[in-house]
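Overview (structure and organization)
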Amino acid sequence: MKLHAFIAGLAALACLPNAHAVYVSPDGRGQALIYPYYTAQGNNDTLFSIVSPISYGGSSAPRKAVKVRFFEGRNGRSVLEFNLYLARGKTWTAAVTRDATGRPVLRTFDPACTVPRFGPSSVYPAATEIAFTNANYAGYDRAGSSLDRAKEGHFEVIEMGEIDAGFLLNSGVSLVDAITPGSLQDCAAVAAAWNAGGAFLSSGGAELTAPSTEPSYMLLGHALIINVPQGTEYSYDPVALGRLFAAKRHTGPGDAHPNLGDADPTSLVLANGISRQSTWSTGIDAVSAVLTHKKIINEYVGPPTATAPVSSDVIVSFPTKSFYVVRESDAGQTTRAPFRVKFDDLDDVNGTLLAEGMSKGACEQLWSLRFSRAGTPNFDTVFMRPADTLFLCWQTSVISFGNVLDSANAILYSGVLPAYTTSGTINVTLDSPDLSFPFLTSLEGHIYPGLPVAGFAMQRRINGDLGGVRANYGGTSMHKYETGLE
């Protein structure tokens, strides 16, 4: 009897990867890509790529319709979104930067079709660009109304489906030809297909088939943060989610769907040698489950000293937080597991309303330790002492040992430390046995302790000019995690 149960368990486990369950792809390809951080703060620009890959031969590689959406880093409000149509084997590149007036824009030299279409660049005649907007947060919350708030956050890319090779636009040109760079490319006709009477509005969805499930044809990408005056560059790969949803979901520009909440409500997590499939009442819980971890572990250097010009920033992004925490501008504030705290805009001392731009955010209490290279725990005024906690208040926060990124969402460490403590590891615990934290719990009763998180750490070494050679360096380390599957 036990042998039969064991064999049945092995068979069930073998079938898990074939179920339509969202998972974090170990090979970096997915139906959705989550880029944990972008910035145009200071002199930083964020360059990135989105790739519709092509395998050997390439005759069957699909063309893709993709939704691209940027979220500012405080309350996770959308600041830019558009449709992107990728030809077979296409790599699309763009940069989050500033226009001639200093406002954040997305700029590209790439001819791929977008809806809405980008306008002429104010800086480079050969480029096109589209401006970020504060329309979704200006005057709605107390986290700031200026466009500067849109200069940093995170962004996501979601495949809506594969383009049907036989679909014709109103002009009679095939959609495939219209999105493929060359003499037949017609991005104006693609954009017009979303106008009244356009082909997309009357097609019943015939222009797309279901998204790719073949790993060879899933999306992949890359990003780097570059600071030209400093001569530094920090590169990272996005988090790739496979099998987000099975059905095609083609929507027009400005539509809030598809988003991560449209995932099919089943998750697949592999951690600690355990594979677990769970079912959920909502799709966003399935996505959060595959991103949930108990601890973040990474390395740091800094803050800089006169003899050690090194510094670090640690990016901690909660890409699903806005689905769980109702912001203070919304009626009837609520929050639900796995997040625990509502947005707060009251002064701690007298309880009066803070000025516009002064919200504290929804501050999660987290436990944090630093260890020097010698392995000695170091307690200080910002990071955990025996009875202290770390507060991360925004959807995308930066724990900073030297202000690498000029982030407006940074928790700056400025203490004076002995030289031997200026490098080591940082360990951030996203749950604590000392507090009654609510956790994600599946319909089967599976518990996922911690918070859904993504991010990385950056290290900068600025040595200036050494004998006529600029000696500045930058590096990136993706987070390591402890995941609570038992």
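First, a word on scope: everything that follows refers to the structure included in this document.

Rules behind the numbers
Residues numbered from 1 in each chain as written. Predicted model: local features only at pLDDT ≥ 70, side-chain atom pairs only at ≥ 80, totals over all residues. Heavy atoms only, no water. Core = buried A, V, L, I, M, F, W, Y, C linked by side-chain atoms within 4.5 Å. Buried < 20%, exposed > 50% of the residue type's maximum accessible area, 1.4 Å probe, protein only. Helix = DSSP H or I, 4+ residues; strand = E, 2+ residues; numbered from the N terminus. Contact = heavy atoms within 4.5 Å. Disulfide = S-S within 2.5 Å.

1. Points about the nonpolar core
One finds L241, L244, L260, V287, V316, I399 and V428 to be the most contacted residues of the largest nonpolar core, which totals 46 residues. Among the elements that take part in this core, helix α5 (residues 283-291) stands out by supplying 6 residues, more than any other. The contact partners of L241, leaving out residues within four places of it in the chain, are V22, Y23, V24, G30, Q31, A32, I34, L260, V287, V290 and L291. Listed in part, the 39 residues of the second largest apolar core include Y38, A40, V66 and A150.

2. Describing the state of the cysteines
On inspection of all chains with the given rule, the structure shows 2 disulfides. Each sulfur of the disulfide joining C113 and C187 lies 2.1 Å from the other. Between C113 and C187 the disulfide shows an S-S torsion of about -85 degrees. By sign, it is left-handed. In this pair, C113 is assigned in strand β8 (residues 113-115) and C187 in helix α3 (residues 187-192), connecting sequence segments 74 residues apart. Summarising the burial analysis for this pair, C113 and C187 share the class buried. Here C363 is linked by a disulfide to C393, with a sulfur-sulfur distance of 2.0 Å. What sets the handedness of the C363 and C393 disulfide is the S-S torsion sign, and at about 105 degrees it is right-handed. Taken together, the positions of C363 in the loop between β20 (310-317) and β21 (364-372) and C393 in the loop between β23 (390-392) and β24 (396-401) put the pair 30 residues apart, joining distant regions of the chain. As far as burial versus exposure is concerned, C363 and C393 are alike and both buried. Shown here for the protein is a disulfide pattern of 1-2, 3-4, where each number marks a bonded cysteine counted in sequence order.

3. Observations concerning unusual backbone geometry
The amide bond that connects V115 to the next residue, P116, takes the cis arrangement and shows omega of 0 degrees. Checked against the element boundaries, P116 lands in the loop between β8 and β9 (119-120). Non-glycine residue N272 carries a positive phi angle of around 55 degrees. You can see N272 is positioned in the loop between β16 (266-271) and β17 (274-279). Despite not being glycine, N403 shows a phi value in the positive range, around 60 degrees.

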